[in-house]
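Here is what each chain is made of, one letter per residue.
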Amino acid sequence: MTDPIRLSKRLIELVGCSRREAELFIEGGWVTVDGEVIDEPQFKVGAQTVALDPEAKATAPEPVTILLNVPAGQDLDSAMQSIGADSLSEEHRYGKRPLRGHFLRLTASDDLQPNASGLLVFTQDWKVLRKLTADAAKIEQEYVVEVEGEMIDHGLNRLNHGLTYKGRELPPVKASWQNENRLRFAMKNPQPGVIALFCQAVGLKVVAIRRIRVGGVSIGKVPLGQWRYLSAKEKF
């Protein structure tokens, strides 16, 4: 019985490829060990059956963008650490297969409003990151805000046309009631804490804030603490 060796070395022996090609095949999810996809080149194998997909390509995996439904109050570091194959939304476990490389070199596009939950974007794609940062002032975000209290007269109209609160001029926003205790806010590049100020300015107190959309991308039916991939058809 031979000693276990690295999967990449076994693959080189099996198909005669270079070390770099072997690593790319494995990291791309093209290699199975006893029928199970293994995407770690250093994985040790012994007598198991190693197979390479006939359609395998020795290219680096395409960069991914991950949409996480983050719980309120969770910081960026812990949010990123929560992303893994196990926390992929059950409803979205089709199409793209999660690989270990998808969870490396992720960058958060921006942070949420203080104590907010909802959509947080992590990406490996420099084009997506550039879009979300360079065009931040042009991309609309949508929040659902649970409130309590009694709104002042014509409060909704004042929100939509701009108002001054405690000497601070607040910009106009698209505001509407979702139900009797939830407001929808749509705005571009909201500054930290501005939603709480909007609510205070019209006599309301914030109970909870949730971001549901950035540009043309919605978090959809992703459970809290879980994530999904950005699809090729979606654009910010």
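Source: prediction; values computed, not measured. (Residues numbered from 1 in each chain as written. Predicted model: local features only at pLDDT ≥ 70, side-chain atom pairs only at ≥ 80, totals over all residues. Heavy atoms only, no water.)

### A word on the pairing of strand E13 (residues 182–188)
Where strand E9 (residues 140–149) and E13 come together, seven bridges link them in antiparallel fashion. When the sheet's bridge partners are listed, Gln141 is paired in E13 with Met187. A loop of two residues connects strand E12 (residues 174–179) with E13, the two strands running antiparallel in sequence. (Pairing = 2+ DSSP bridges. Helix = DSSP H or I, 4+ residues; strand = E, 2+ residues; numbered from the N terminus.)

### Thoughts on the pattern of salt bridges
Applying the stated criterion to the full structure yields 11 salt bridges. Across the pair Arg20 and Glu23 runs a salt bridge, and its minimum N-O distance is 3.4 Å. Linking Arg20 with Glu23, this pair stays in helix H2 (residues 19–27), spanning three residues, or about one helical turn. Note on Glu23: relative accessible area 17%, which makes it buried. (Salt bridge = Lys/Arg side-chain N within 4 Å of Asp/Glu carboxyl O. Buried < 20%, exposed > 50% of the residue type's maximum accessible area, 1.4 Å probe, protein only.)

### A few points about the packing of aromatic side chains
The geometry of an aromatic ring pair is captured by the separation of the ring centres together with the interplanar angle, meaning the angle of the planes. Counted according to the given criterion, the structure contains three aromatic pairs. A ring pair is formed by Phe103 and Trp227, whose centres lie 5.7 Å apart and whose planes are at 80°; its orientation type is edge-to-face. With Phe103 in the loop between helix H3 (76–81) and strand E7 (107–108) and Trp227 in strand E16 (residues 227–229), this pair connects stretches of sequence that are 124 residues apart. Overall, the relative accessible area of 21% leaves Phe103 in the partly exposed class. Judged by centre distance (4.8 Å) and plane angle (90°), the ring pair of Trp227 and Tyr229 falls under edge-to-face. Each member of the pair, Trp227 as well as Tyr229, carries the same accessibility label: buried. Here the aromatic cluster, defined as three or more aromatic residues joined through ring pairs, consists of Phe103, Trp227 and Tyr229. Across from the ring centre of Tyr229, 5.6 Å away, lies the NZ or CZ of Lys96, which sits over that ring. (Phe/Tyr/Trp six-rings, centres within 6.5 Å; stacked < 30°, edge-to-face > 60°. Lys NZ or Arg CZ within 6 Å of the ring centre and 35° of its normal.)

### What about the environment of Glu55?
Following the sequence through the fold, Glu55 ends up in the loop between strand E5 (50–52) and strand E6 (65–70). With 51 residues separating them along the chain, Glu55 and Leu106 place their C-alpha atoms 28 Å apart.

### Here's the deal with helix H6 (residues 194–201)
Taken across its eight residues, H6 has six buried, putting it largely inside the fold. Among all positions of H6, only Val194, Ile195, Leu197, Phe198, Cys199 and Ala201 are buried. Next to the buried residues of H6 lie E9, helix H5 (155–161), strand E10 (163–165), strand E11 (168–170), E13 and strand E14 (204–214). (Contact = heavy atoms within 4.5 Å.)

### A closer look at the sheet that holds E5
One open sheet holds the three strands; their spatial order is E3-E2-E5, and the pairing between them is antiparallel. The open sheet has two edge strands, strand E3 (36–37) and E5, and neither has a second partner. Of the pairings in the sheet, the one linking strand E2 (residues 31–33) to E3 comprises two bridges and is antiparallel in character. The residue bridging Val33 from the neighbouring strand is Glu36, located in E3.

### With respect to the layout of surface pockets
The method is simple in principle: a probe with the dimensions of a water molecule rolls over the atoms, and the space it marks as empty is what remains. There is about 450 Å³ of room inside the largest pocket. Asp125, Val128, Leu230, Ser231 and Ala232 are, among the 16 residues lining the largest pocket, the residues nearest its centre. When residues of the lining of the largest pocket are assigned to their parent elements, the largest contribution, four residues, is made by helix H4 (residues 126–134). Along the lines of polarity and charge, the residues of the lining of the largest pocket split into seven nonpolar, two polar and seven charged. By volume, the second largest pocket amounts to about 310 Å³. (1 Å grid on protein atoms, 1.4 Å probe; cavity = no way out; pocket = protein on both sides within 12 Å on 5 of 7 lines; lining within 4 Å. Points joined across faces, edges and corners; volume = space filled by probe spheres on them. Nonpolar A, V, L, I, M, F, W, Y, C, P; charged D, E, K, R; others polar.)

### Looking at the UniProt feature "domain: RNA-binding S4" (unreviewed entry) in the protein chain
The UniProt entry lists residues 5–65 under the feature "domain: RNA-binding S4" (unreviewed entry), expressed in the numbering used here. The distance from the first to the last C-alpha atom of residues 5–65 is 33 Å, and the span holds 30% helix and 21% strand. (UniProt positions renumbered as here; feature names shortened; annotations may be inferred.)

### Looking at the environment of Val147
With respect to the element layout, Val147 can be found in strand E9. Counting along the chain gives 72 residues from Val147 to Ile219, while the straight-line C-alpha distance between them is 21 Å.

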